[in-house]
Amino acid sequence: MTFLSGLKDSKGGRPAVLALVVLLQTSAAVFFVANALAEWGEDGLGPQLWMQSLVTLALILGVALGASELRRALNHQQDQDATIAKASGEMHQVVQRQFDTWHLSRAERDVAYLALKGLDVAEIAAARHAAPGTVRAQLSAIYGKAGISGRAQFAAHFVEDLLAEGLPGDPPSL
């Protein structure tokens, strides 16, 4: 990931603020370096020029540290995005394995996925172009095959499975 593409892909917040600060510091450093060079040519090396040079050096160090922190923040964000994507993929695998274990039909799988996403019976019926009664019957069949009594237990079952398998980046269980 290049620096600019990483900033462009960032979701605002800290990286964008850091980029703005680094840009402002860089502009100020260029101004102070040009000013110090101009004064050196006119007045020679005096105490004021030494102080300006010291402040300019500190500003340049701040630019370098700010750029380093920005790169670190972008890398951290990229790592978090990768972890979320992996967890999402692992959750899909957990759900798929459980649906296989329960021997859900294709229609039941579709309804079950929509229920896990939080859609209610009417929304599932509209999404599947089915009658609400059909969706209720499919949900009842799913709950029966799963050996649970309702939607809350259904969702909790998958959270428990995911947590039992751990999340990406978790240390291995001993």
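Basis of the calculations
Residues numbered from 1 in each chain as written. Predicted model: local features only at pLDDT ≥ 70, side-chain atom pairs only at ≥ 80, totals over all residues. Heavy atoms only, no water. Helix = DSSP H or I, 4+ residues; strand = E, 2+ residues; numbered from the N terminus. Contact = heavy atoms within 4.5 Å. Axes fitted to C-alpha atoms, helices over the stretch in contact; angles between N-to-C directions. Parallel < 35°, antiparallel > 145°, perpendicular 65-115°, else oblique. Nonpolar A, V, L, I, M, F, W, Y, C, P; charged D, E, K, R; others polar. Phe/Tyr/Trp six-rings, centres within 6.5 Å; stacked < 30°, edge-to-face > 60°. Buried < 20%, exposed > 50% of the residue type's maximum accessible area, 1.4 Å probe, protein only. Salt bridge = Lys/Arg side-chain N within 4 Å of Asp/Glu carboxyl O. Arc of directions from axis to C-beta. Polar contact = N/O pair within 3.5 Å; in protein donor to acceptor, adjacent residues only side chain to side chain. Core = buried A, V, L, I, M, F, W, Y, C linked by side-chain atoms within 4.5 Å.

## A look at the side chain of Glu39
In this fold, Glu39 is placed in helix H2 (residues 14–43). Not counting residues within four places of it along the chain, the set of residues in contact with Glu39 comprises Gly44, Gln48, Leu49 and Gln52.

## What about the packing of helix H4 (residues 106–116) against helix H6 (residues 132–146)?
Across the interface, H4 lies against H6 with an axial gap of 9 Å and an inter-helix angle of 90°. Taken together, the axes of H4 and H6 lie roughly perpendicular to each other. Facing Ala107, Glu108, Val111, Ala112 and Ala115 of H4, the residues of H6 in contact are Val135, Gln138, Leu139, Ala141, Ile142 and Lys145. Per-class residue counts for the contact of H4 with H6 are 8 nonpolar, 1 polar and 2 charged.

## Some remarks on the packing of aromatic side chains
Under the counting rule described, the total for this entry stands at 5 aromatic pairs. On the numbers, 5.6 Å between centres and 65° between planes, the contact of Phe31 with Phe32 is edge-to-face. Assessed through its relative accessible area of 29%, Phe32 is described here as partly exposed. On the basis of an interplanar angle of 35° and a centroid distance of 6.4 Å, the ring pair of Phe99 and Trp102 is categorised as tilted. Remark: Trp102 and Phe99 occur in helix H3 (residues 47–102); sequence separation between them is 3 residues, near one turn of the helix. Trp102 carries the same exposure label as Phe99, and that label is buried. Taken together, the aromatic side chains of Phe99, Trp102, Tyr113, Tyr143 and Phe154 make up a single cluster linked through ring pairs.

## Observations concerning the environment of Pro15
For Pro15, the position within the fold is in helix H2. The spacing of Pro15 and Leu70 is 55 residues in sequence and 5.8 Å in space, taken between C-alpha atoms.

## Here's the deal with unusual backbone geometry
One non-glycine residue, His103, adopts positive backbone phi at about 60°. Residue position: His103 is located in the loop between H3 and H4. In this structure His103 comes out as exposed when scored by relative accessible area, which is 62%.

## Focus: the pattern of salt bridges
As enumerated under the stated definition, the model contains 5 salt bridges in all. For the salt bridge of Arg128 with Asp110, the shortest nitrogen-to-oxygen distance reads 3.6 Å. One end of the pair, Arg128, is in helix H5 (residues 121–128); the other, Asp110, is in helix H4, and 18 residues separate them in sequence. On the basis of relative accessibility, which here comes to 25%, the residue Asp110 falls in the partly exposed class. Connected through shared salt-bridge partners, Arg106, Asp110 and Arg128 make up one network.

## Regarding H5
Of all the residues in H5, the buried ones are Val121, Ile124 and Ala125. Projection of H5 onto a plane perpendicular to its axis shows the buried side chains occupying an angular sector of 100°, all on one side. Exposed residues pointing more than 90 degrees away from the buried face of H5 are listed as Ala122 and Ala126. One side-chain oxygen at the N-terminal end of H5 lies 3.2 Å from the backbone nitrogen of Ala122; it belongs to Asp120.

## Overview of the nonpolar core
Formed by 20 residues in total, the largest nonpolar core has its most connected members in Phe99, Trp102, Val135, Leu139, Ile142, Phe154 and Phe158. Per-element tally for this core: the top contributor is H6, with 5 residues. Residue contacts for Trp102: discarding those within four places in its chain leaves Lys145, Ala146, Phe154, His157 and Phe158. Of all hydrophobic cores here, the second largest spans 5 residues; its members include Leu18, Ala19, Ala73 and Leu74.

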